[in-house]
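Working through the structure, step by step
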Amino acid sequence: MAQSKLWTAAPEWAVYAVGLVPAADLFVRAFSNALGADPLRILENGLGEWALRFLILGLAVTPLMRLARINLVKYRRALGLVAFIYVVLHLGVYLVLDKQFFWGEIGADIVKRPYITIGMAAFVLLVPLAVTSNRLSIRKMGAAGWRKLHRLVYPAVLFGAVHYLLLVKAWPPEPIIYLVIVVGLLALRFVKPARRARGGSPGLAREAVRQ
Ligand code: HEM
């Protein structure tokens, strides 16, 4: 179908190329003193926000296919890995530039600051997903086991959104909007797929079953 071909015309690597532009932009501006009065905070927060955006995009792939018949499954692994790269960069900035490897302070943050605890939990949940995001792991684990493990992405994204909500002092709209989107996308997973019209794409149905 011409419409579905249009959605998947770009190669998978384009997701990495385009997805990492904001990271490059943030780092270039941070190291050329173009991020304002508190560059570290802007860099740290910017990377965290992009991490959450890409996690959400990855989470949207299945509902988009089931409910709107837009098949972006081809890009899901790249979206997940780009999200993970942002999480690692975000964590890296926290460890290296923010805390400068003061492990005592880092440990105290993890124990005493709920938003750091939950952010760390999200990171820990995402590590096995990133490590097994390849064909060899799917073959070794079997499709069912691999799918089961990759359900960890649901609590991970939820933790990421809650982490954002917990760290703000007042009630700005952004973290609430992100949390509503995440909860909405998770809830959509319980909505039954739309009935296939006669003569609809069997490939699409097969993909939906695989999710
Ligand atoms: C899935 C994992 C994570 C996601 C999605 C995420 C996302 C975010 C977001 C959206 C922000 C706020 C951005 C803004 O205010 O515009 C943020 C801030 C922050 N995150 Fe994370 N984060 C994650 C994991 C972590 C981890 C593992 C740590 C460290 C252990 C961490 C430490 C921080 C810190 C220190 C801030 C800045 C707080 C401040 O402004 O003082 N995050 N994160």
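Keep in mind that this is a model prediction, so the values were computed, not measured.

1. Here we look at the confidence of the model for the chain
- Mean pLDDT over the chain: 90, with 88% of residues reaching 70 or higher.
- The low-confidence segment residues 197-211, where pLDDT is below 50, has twelve contacts with residues more than four positions distant or belonging to other chains.

2. A look at the site of the ligand
- Lining the immediate environment of the ligand, one finds 23 residues, of which Asn-45, Gly-48, Gly-119, Ala-122 and Gly-160 sit closest.
- When contributions to the shell around the ligand are tallied by element, the ones reaching two or more residues are α4 (39-68), α5 (76-98), α7 (114-131) and α10 (153-167).
- Tallying contributions element by element places α4 first for the shell around the ligand, with eight residues.
- Taken together, the residues of the shell around the ligand break down into 14 nonpolar, six polar and three charged.

3. Details of the nonpolar core
- Ranked by internal contacts, the top residues of the largest apolar core, which has 36 residues, are Ala-51, Phe-54, Ala-83 and Tyr-86.
- Elements with a contribution of two residues or more to this core: α4, α5, α7, α10 and α11 (173-188).
- It is α5 that contributes the most residues to this core, ten residues altogether.
- Beyond its immediate chain neighbours, meaning those up to four positions away, Ala-83 contacts Ala-51, Phe-54, Leu-55 and Gly-58.

4. Topic: unusual backbone geometry
- Notably, Gln-100 is not glycine yet its phi reads approximately 45°, a positive angle.
- Look at Gln-100 and you get exposed, because 9 C-beta atoms sit within 10 Å.
- Even without a glycine there, the phi angle at Phe-101 is positive, about 60°.
- Structurally, Phe-101 is set in the loop between α5 and α6 (103-112).
- Overall, the presence of 8 C-beta atoms within 10 Å leaves Phe-101 in the exposed class.

5. A few points about the packing of helix α3 (residues 21-31) against α4
- Running from N to C, α3 and α4 cross one another at 175°; their axes reach a closest spacing of 10 Å. One element, α3, and the other, α4, form an angle in the roughly antiparallel class. Between α3 and α4, the residues in contact are Pro-22, Ala-23, Leu-26 and Ala-30 and Pro-39, Leu-43, Gly-46, Leu-47 and Trp-50, respectively.
- Considered class by class, the residues forming the contact of α3 with α4 number eight nonpolar, one polar and no charged.

What counts and what doesn't
- Residues numbered from 1 in each chain as written.
- Predicted model: local features only at pLDDT ≥ 70, side-chain atom pairs only at ≥ 80, totals over all residues.
- pLDDT = per-residue confidence, 0-100.
- Contact = placed C-beta atoms within 7 Å.
- Near = placed C-beta within 6 Å.
- Helix = DSSP H or I, 4+ residues; strand = E, 2+ residues; numbered from the N terminus.
- Nonpolar A, V, L, I, M, F, W, Y, C, P; charged D, E, K, R; others polar.
- Core = buried A, V, L, I, M, F, W, Y, C linked by C-beta atoms within 7 Å.
- Buried ≥ 20, exposed ≤ 12 C-beta atoms within 10 Å, placed from the backbone.
- Axes fitted to C-alpha atoms, helices over the stretch in contact; angles between N-to-C directions.
- Parallel < 35°, antiparallel > 145°, perpendicular 65-115°, else oblique.

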